[in-house]
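Next come the chains, spelled out residue by residue.
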Amino acid sequence: MAADRTIFHVDIDAFFAAAERSVDPDLIGKPLIIGGSGGRGVVACASYEVRPFGVRSAMPMSRALRLCPNALVIKPTHGLYSKISKSFMEILGDYTPDVQVMSVDEAYMDMTGTEGLYGPHEKAAQAIKKRVHDELKVTASIGIAPSRLVAKIASDERKPDGMFTVARGDEAAYLAPMPVRKLPGIGPRAAEKLGRLGIHTLGELAAFPEGPLRREMGNQSPRLIERAKGIDNSELSTGGKAKSISSETTFHEDSTDRVFLNKTVADLAEGVGRRLRRTGKHARSVSLKLRYNDFTTLTRHNTPHVSFDGDARIVEIATALLDATLKQRNAPVRLIGVGVENLAEPAAQLSLLEAVEPDDSALSSTLDKIRDRFGEDSVSRGPG
Ligand SMILES: [Mg+2]
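Draft legend 1. The arrangement of the pattern of salt bridges in detail. Within the structure shown, the criterion is met by 21 salt bridges. Between Asp94 and Arg278 there is a salt bridge; the shortest N-O distance is 2.1 Å. One end of the pair, Asp94, is in the loop between α3 (78-93) and β5 (99-103); the other, Arg278, is in helix α12 (residues 258-279), with 184 residues separating them in the sequence. On the basis of relative accessible area, Asp94 is assigned to the buried category, the value being 17%. Residue class for Arg278 comes out partly exposed when judged on its relative accessible area of 41%. Among the ionic pairs, Lys129 bridges to Asp161, the shortest N-O distance being 2.8 Å. Of this pair, Lys129 sits in helix α5 (residues 121-136) while Asp161 sits in the loop between α6 (148-157) and β8 (163-165); the two residues are 32 residues apart in sequence, bridging distant segments of the chain.

Draft legend 2. Summary view of the pairing of strand β6 (residues 106-110). β6 sits mainly inside the fold: 5 of its 5 residues count as buried. Along β6, one buried face is formed by Glu106, Tyr108 and Asp110 and the opposite face, lined by Ala107 and Met109, is buried too. When strand β1 (residues 7-12) meets β6, the two strands line up antiparallel, connected through 5 bridges. Note on β6: the bridge partner recorded for Asp11 is Glu106. In sequence, β5 turns back onto β6 through a hairpin of 2 residues.

Draft legend 3. Unusual backbone geometry, seen in detail. Lys159 connects to Pro160 through a cis peptide bond whose omega is -10 degrees. With respect to the helices, strands and loops of the structure, Pro160 is situated in the loop between α6 and β8. With a phi close to 40 degrees, Ala14 is a non-glycine residue in the positive phi region. Structurally, the position occupied by Ala14 is in the loop between β1 and α1 (15-23). A residue is classified by how much of its surface remains accessible, and Ala14, at 9% relative accessible area, is buried. Phi at Lys137 is positive, roughly 60 degrees, even though this residue is not glycine. As for its placement among the helices and strands, Lys137 is situated in the loop between α5 and β7 (140-145).

Draft legend 4. Highlighting the sheet that holds strand β10 (residues 285-292). Reading across from one edge, β9-β12-β10-β11 is the order of the 4 strands in this open sheet, with antiparallel pairing throughout. A single partner strand is all that each edge strand has here, and the edge strands are β9 (245-255) and β11 (297-302). Shown here is a sheet whose adjacent strand axes are inclined to one another by a mean of 15 degrees, direction ignored. Bridge count between β10 and β11: 6 bridges; the pairing is antiparallel. Looking across to β11, one finds that Leu290 is bridged to Leu298.

Draft legend 5. Examining the confidence of the model for the protein more closely. Across the protein, the average pLDDT comes to 88, with 89% of residues at or above 70. Low pLDDT, under 50, characterises residues 347-358; the predicted model gives this stretch 13 contacts beyond four residues in sequence or across chains. Per-residue pLDDT stays below 50 along residues 380-384; that stretch engages in 8 contacts with residues further than four places along the chain or on separate chains.

Rules behind the numbers
- Residues numbered from 1 in each chain as written.
- Predicted model: local features only at pLDDT ≥ 70, side-chain atom pairs only at ≥ 80, totals over all residues.
- Heavy atoms only, no water.
- Salt bridge = Lys/Arg side-chain N within 4 Å of Asp/Glu carboxyl O.
- Helix = DSSP H or I, 4+ residues; strand = E, 2+ residues; numbered from the N terminus.
- Buried < 20%, exposed > 50% of the residue type's maximum accessible area, 1.4 Å probe, protein only.
- Pairing = 2+ DSSP bridges.
- Axes fitted to C-alpha atoms, helices over the stretch in contact; angles between N-to-C directions.
- pLDDT = per-residue confidence, 0-100.
- Contact = heavy atoms within 4.5 Å.

Set out below in structure tokens:
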């Protein structure tokens, strides 16, 4: 278990509403609700302007409109959200390969030991916030803490457009005055039970004797007390030791067009390759994720003998995986993802065999430099 970690929790503020505003600035400042407007519509996202009226996500739209009759209701534009989400995760991936994606607009980053690269953690967080704002026209809040749990609470507390650091050793004091509902996992029913014991704040929960708590809350009591103190040793699930980098895209329309699918795989592979080279590591495996129109999802892996970090190799392996998968079942495809896995230091893998790889690696690095200077679309490999 790694001690002394620094975890960022990065979360876009009122994501769907912010995304709509990024393409239609007229919506800025207006009371906006994203969701289905029909009789059974539900609020998918409430902008900050409607929250004071009590409008919340997952609330029936009819109720939301009774609370805030002037609200503007917009149907979700999912293509836009996935596009912004993808760019958001790519920005985070530029700072560390250890990104755990929690949802479209939310991720944990393990930033342990990155001060040498980016300076103090607050400076890195500011840089990430600035890139998200400048490139995606939305704002994000960042919590910085020694654990995922406290980082998440810290980012939630500072929304919107906030940033807050909870230093090691300060976790329990930071959480103590907060109502128990602030602890992820404590819902209304658990809060009610705790209330019956006279426990209203996390400080009270942290100090409560385990025995009596167990009678009300059962076996989860010891863990609950620990978490109320801000103790959370959970690791980021970024693939554990076998760290990975991946990217995926959902199509507007399901596709069986092989030229289009091949091109998508190549684009995803090049994006992943670029992020891989920024880590300075080599990958041992490539993965391909395929979701069919009936939502069946498959993930295939291939681990060649020689590690790699060049685009051509990743494209080649991912395309072969696509061929093999579609040969088994050729149905319309809804989503494709490409990943590289089992990342390791190239020095640890030097062998005679690898001497055949540097060409692709060197070409890919050159392409990266050109793209860094002149933009993403300035250069591409031949038709792929
Ligand atoms: Mg959010």
